[in-house]
Amino acid sequence: MSDKTYPPSSELVANAHVDAAKYEEMYAASIKDPEGFWNEHGKRVDWIKPFTKVKNVNYDFGNVSIKWFEDGSLNVAANCIDRHLATRGDQTAIIWEPDDPTDEAQHITYNELHENVCKMANVFKNLGIGKGDRVVIYLPMIPEAAYAMLACARIGAIHSIVFAGFSPDALGARINGCDAKLVITADTAPRGGRRTKLKDNVNQALLHDTDDVKCLVVKRTGDQIAWRSNDDYWLHEELEKVDADCPPAEMNAEDPLFILYTSGSTGQPKGVVHTTGGYLVWASMTHEITFDYHDGDIFWCTADVGWVTGHSYIVYGPLANGATTLMFEGVPTYPDAGRFWAVCEKHKVNQFYTAPTAIRALMGQGTEFVEKYDLSDLKVLGTVGEPINPEAWNWYNEVVGKGNCPIVDTWWQTETGGHMMTPLPGAHATKPGSAMKPFFGVEPVVLEPTSGEEIHEYPTEGVLCMKDSWPGQMRTVWGDHERFQKTYFSDYKGYYFAGDGCRRDEDGDYWITGRVDDVINVSGHRMGTAEVESALVAHSKVAEAAVVGYPHDIKGQGIYCYVTLMSGEEPSDDLRKELRTWVRQEIGPIAAPDLIQWAPGLPKTRSGKIMRRILRKIAENDYGSLGDTSTLADPSVVDELIENRMNRD
Ligand code: 6R9
């Protein structure tokens, strides 16, 4: 860990929405008087019927119930579109950058967004969709994905987006899981120069459909597709039958806005339910303050709308704030490893938000891909999804940000709706790898894992829980409130349990150490696997590393490391030795790897999360029952790892 801190420039501080003093003042107010605080900030969105009740929360296991602004009514699409029309109708709402850089980008104004969303909403209505009905969105990163989300919100339908990289099986399970009446998809989806056959996948997912699920198809490429009998519709044909008049439905603050199944890195996916009022307040406020978004800025979040990051920070947060949000159809390495930076230059991006896994991948390709481009419009950089190791952080800071752009390391979850802990660009001196401070209204506590006692002193380490609710919190698991309570409120009674471990340093700043199921115990010492990974990745020859525990006769658990080398590096026993010595030096002898397996690739979900469950099984030499691997981005990686496993006892 680094002791060095990186304060923001005085210029940034002077213009920031929130500086250090304001953070302290607002944070204190948000904790001391949540009702008063959220009564004020709840008004950042437009209400049809203003709320009079701010918060009604019960965290008692058995009776968990979470309500915010419960007697208010509003419409999310009206907040993201209509309320901006008078002042910024001709401003670009969405910049769309296609997969192929030689194709033309689109600039969609708020007026055009309004028309497109209203028409799509009317198409949905014509297909029999109304308030409370579920619509599955299985689309690539094209503007129609945003239109579909907002069209649902406009008529009060509940969307469930399924990432376009998911298999037909995973899609089918999610369609059935919420009894969707309609699936919207595209013919095929270009990505990184290749094409995914989305409509074919839908056909396969609905092969045994007895509920007559309808399918609406966007013509993206014009590729040949197979049609199911009477339940399939071209979007462009249906659009010809409707006009652009579609008044927004009045929704209660606690009506569901969307369902989103969490990535399958653990167990069966859960349908996380977010509601209308609190979620929008949270997404919009965190977007504005965490990224210090100002009018006229160009904001780019590289996530896919299939993940929560895309929901909150491509669509709902930015559009509720009247922002210009960039939507990118492609991948960071197509046509080459400079694509992100080419797009930043081309569209003069001011805030750029991506994942550590992308940063590490690009870092391994060398700096020349970044240095080719003019990145002088960048003001704030963000990361999300996993702990960022200091090396990647430093590279991001120096090579991409030129030491000039604060990095907001935002810790949050599908379940939390938006940012929970993050430095604020104008308020905090950042530390490489630290999520730093709670956002307003967030009351993190560190608990002793076995006793569940709150640890008040610092520095300390333990499990991360939240003492109280915040407006963007998930309300239930779709169709299974029991599971909601059990997953998040039963291990540590009276708290929301995030599933992550954390460290609070001597300054009171937070460092996420990874999922608590990734903590290993070596000779009685607790160790975050992320710590060992970070040490390994700090070695100049290592591109990526994943560390798990495996049963060890003497130590209880041994440290098993999967290591991907930088391109051009050769694996050897000498290098193994070198890495062992390196980790001993970086952390201490206790952290020295027992086994190091060379891994040409790591098993990842399509959202880029390493599937440790699989790595643990292989490390335990128990690879016969790997469980659900349907969410793997590239299943062949697993066979390779099994073949060359190190622990054959
Ligand atoms: C937004 C998102 C949530 C899990 C979370 C944690 C990890 C996310 C992080 C981070 C360290 C960060 N995580 N952000 N860990 N530092 N800045 O990623 O949601 O897909 O639900 O994942 O991701 O382990 O519990 P989701």
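These figures come from a predicted structure and were not determined experimentally.

Cut-offs and rules
Residues numbered from 1 in each chain as written. Predicted model: local features only at pLDDT ≥ 70, side-chain atom pairs only at ≥ 80, totals over all residues. Heavy atoms only, no water. Pairing = 2+ DSSP bridges. Helix = DSSP H or I, 4+ residues; strand = E, 2+ residues; numbered from the N terminus. Core = buried A, V, L, I, M, F, W, Y, C linked by side-chain atoms within 4.5 Å. Buried < 20%, exposed > 50% of the residue type's maximum accessible area, 1.4 Å probe, protein only. Contact = heavy atoms within 4.5 Å. Axes fitted to C-alpha atoms, helices over the stretch in contact; angles between N-to-C directions. Parallel < 35°, antiparallel > 145°, perpendicular 65-115°, else oblique. Left-handed = near helix turned anticlockwise from the far one by under 90°. Nonpolar A, V, L, I, M, F, W, Y, C, P; charged D, E, K, R; others polar. Near = heavy atom within 4 Å. Polar contact = N/O pair within 3.5 Å; in protein donor to acceptor, adjacent residues only side chain to side chain. Areas by Shrake-Rupley, 256 points an atom, 1.4 Å probe, with all protein chains shown as cover. UniProt positions renumbered as here; feature names shortened; annotations may be inferred. Domains from an automatic or database assignment. Salt bridge = Lys/Arg side-chain N within 4 Å of Asp/Glu carboxyl O. Expected span 1.5 Å × (residues − 1).

K.L.:
Can you help me understand the sheet that holds strand S8 (residues 182-186) in this one?
P.N.:
Strands in a sheet are paired, the pairing made by backbone hydrogen bonds, and the direction either parallel or antiparallel. Spatially, the eight strands line up as an open sheet ordered S12-S11-S8-S6-S7-S14-S15-S24, and their pairing is mixed. Strands at the two margins of the open sheet, each flanked by one partner only, are strand S12 (232-234) and strand S24 (476-477).

K.L.:
Explanation requested: the nonpolar core in the structure shown.
P.N.:
The nonpolar side chains of a soluble globular protein tend to be buried with one another. Ranked by size, the top nonpolar core spans 143 residues in total, and within it Leu 113, Phe 124, Ile 184, Tyr 316 and Phe 440 carry the most contacts. Residue contributions to this core peak at 10 residues, all from helix H7 (residues 143-155). Apart from residues lying up to four places away in sequence, Phe 124 is in contact with Ile 129, Ala 148, Ala 151, Cys 152, Ile 155, Leu 182, Ile 184 and Leu 216. Counting residues in hydrophobic clusters, the runner-up holds 31 residues, among them Ile 298, Ala 358, Tyr 396 and Val 400.

K.L.:
Looking at this structure, how should I read the packing of helix H20 (residues 612-619) against helix H21 (residues 636-643)?
P.N.:
In helix packing, the relevant descriptors are the interaxial angle and the interaxial distance, both defined with respect to the helix axes. Interaxial distance between H20 and H21 falls to 10 Å at its minimum, and their mutual angle equals 20 degrees. By the angle between their directions, the pair H20 and H21 is classed as roughly parallel. Judged by the sense of rotation from one axis to the other, the crossing of H20 with H21 is right-handed. Along the contact surface, H20 presents Ile 614, Leu 615 and Ile 618, while H21 presents Val 638, Leu 641 and Ile 642. Residues that form the contact of H20 with H21 fall into these classes: six nonpolar, no polar and no charged.

K.L.:
Is there a simple way to explain the site of the ligand in this structure?
P.N.:
The environment of the ligand is made up of 16 residues, and the closest members are Asp 409, Thr 410, Thr 414, Asp 500 and Arg 515. Between the ligand and Gly 385 there is a distance of 3.0 Å, counted from a nitrogen atom to a backbone nitrogen or oxygen. Glu 386 places a main-chain nitrogen or oxygen 3.4 Å from a nitrogen atom of the ligand. With the chains in place, 90% of the 530 Å² that the ligand exposes on its own is no longer accessible. Elements represented by at least two residues in the shell around the ligand include exactly helix H12 (308-320), strand S20 (407-410) and strand S26 (510-515). Taken together, the residues of the shell around the ligand break down into six nonpolar, five polar and five charged.

K.L.:
I keep staring at the sheet that holds strand S17 (residues 324-328) and nothing clicks. Help me out?
P.N.:
Reading across the sheet, the seven strands line up as S5-S4-S17-S16-S18-S19-S20 and stay open at both edges, with mixed pairing between neighbours. Every interior strand has two partners, whereas the edge strands, strand S5 (106-109) and S20, have only one. The sheet shows a mean angle of 20 degrees between the axes of neighbouring strands, taken without regard to direction. In terms of strand pairing, strand S18 (residues 351-354) meets strand S19 (residues 380-384) through four bridges, oriented parallel. Residue pairing for S19: Phe 352 is matched across the bridge by Leu 381. Contacts between H12 and the sheet are confined to strand S4 (92-97), strand S16 (298-301), S17, S18 and S19, with S17 contributing the most and set at about 150 degrees to the helix.

K.L.:
How should I be thinking about the UniProt feature "binding site: Mg(2+)" (unreviewed entry) in the protein chain in this particular structure?
P.N.:
The feature "binding site: Mg(2+)" (unreviewed entry), as annotated in UniProt, sits at Val 537, His 539 and Val 542 in this numbering. Within the fold, Val 537 resides in helix H18 (residues 529-537). Judged by its relative accessible area of 6%, Val 537 falls in the buried class. With sequence-adjacent residues up to four places away left out, Val 537 is seen in contact with Arg 360, Asn 389, Glu 391, Val 542, Ala 543, Glu 544 and Ala 545. Taking relative accessible area as the criterion, Val 542 reaches 0% and is therefore assigned buried.

K.L.:
What exactly am I supposed to notice about the domain arrangement of the protein chain here?
P.N.:
Note: interface size is frequently given as the accessible area lost on complex formation between the parts. Domain annotation for the protein chain reports domain 1 (10-438 + 449-503) and domain 2 (523-644). On a C-alpha basis, the centres of domain 1 and domain 2 stand 31 Å from each other. Listed per partner, the contact involves 17 residues of domain 1 and 18 residues of domain 2. One can count one salt bridge joining domain 1 with domain 2. Between Arg 360 and Glu 544 there is a salt bridge, with the nearest N and O atoms lying 3.0 Å from each other. Breaking the side of domain 1 that touches domain 2 down by element, the ones donating at least two residues are helix H14 (356-363) and helix H16 (390-400). Its residues assigned to classes, the side of domain 1 that touches domain 2 shows six nonpolar, nine polar and two charged.

K.L.:
Just to check I follow, could you spell out the packing of H7 against H12 for this structure?
P.N.:
Here H7 crosses H12 at 55 degrees, and the two axes come no closer than 11 Å. Here H7 lies oblique to H12, going by the angle between them. In the packing of H7 onto H12, the handedness of the crossing is right-handed. Contacts from Ala 146, Met 149, Leu 150 and Ala 153 of H7 reach H12 at His 311, Val 315, Tyr 316 and Leu 319.

K.L.:
Just checking my understanding: could you explain the pattern of salt bridges for this structure?
P.N.:
Close approach of charged atoms allows side chains with opposite charge to pair. Scanning the entire structure with this criterion turns up 29 salt bridges. Here Asp 46 and Arg 83 are joined by a salt bridge, their closest N and O atoms 3.5 Å apart. In this pair, Asp 46 is assigned in the loop between helix H3 (34-41) and strand S1 (55-58) and Arg 83 in the loop between helix H4 (76-80) and helix H5 (85-88), connecting sequence segments 37 residues apart. Between Lys 431 and Asp 509 there is a salt bridge, with the nearest N and O atoms lying 2.8 Å from each other. Of this pair, Lys 431 sits in the loop between S20 and strand S21 (444-447) while Asp 509 sits in the loop between strand S25 (496-504) and S26; the two residues are 78 residues apart in sequence, bridging distant segments of the chain. Pair check on accessibility: Lys 431 and Asp 509 agree, each one buried. A single network of salt bridges, built from pairs that share partners, joins Lys 431, Lys 437, Asp 505, Asp 507 and Asp 509.

K.L.:
I tried to follow the environment of Ala 121 on my own but got confused; where do I start?
P.N.:
Position of Ala 121 among the secondary structure elements: in helix H6 (residues 110-126). The exposure class assigned to Ala 121 is buried, which follows from its relative accessible area of 0%. Distance from Ala 121 to Val 548, taken between C-alpha atoms, is 47 Å for residues 427 residues apart in sequence. With residues up to four places along the chain from it excluded, the contact list for Ala 121 reads Ala 151, Arg 154, Ile 155 and Cys 246.

K.L.:
Would you take a moment to explain H6 for this structure?
P.N.:
Residue pairs three or four apart in sequence face the same way in an α-helix, which turns once every 3.6 residues. Along its 17 residues, H6 runs 24 Å from first to last C-alpha, staying within 8% of the 24 Å computed at 1.5 Å per residue. If you check which residues of H6 are buried, you get Tyr 110, Leu 113, Val 117, Cys 118, Met 120, Ala 121, Asn 122, Val 123 and Phe 124. After H6 finishes, the residue Gly 128 shows a positive phi value of roughly 90 degrees.

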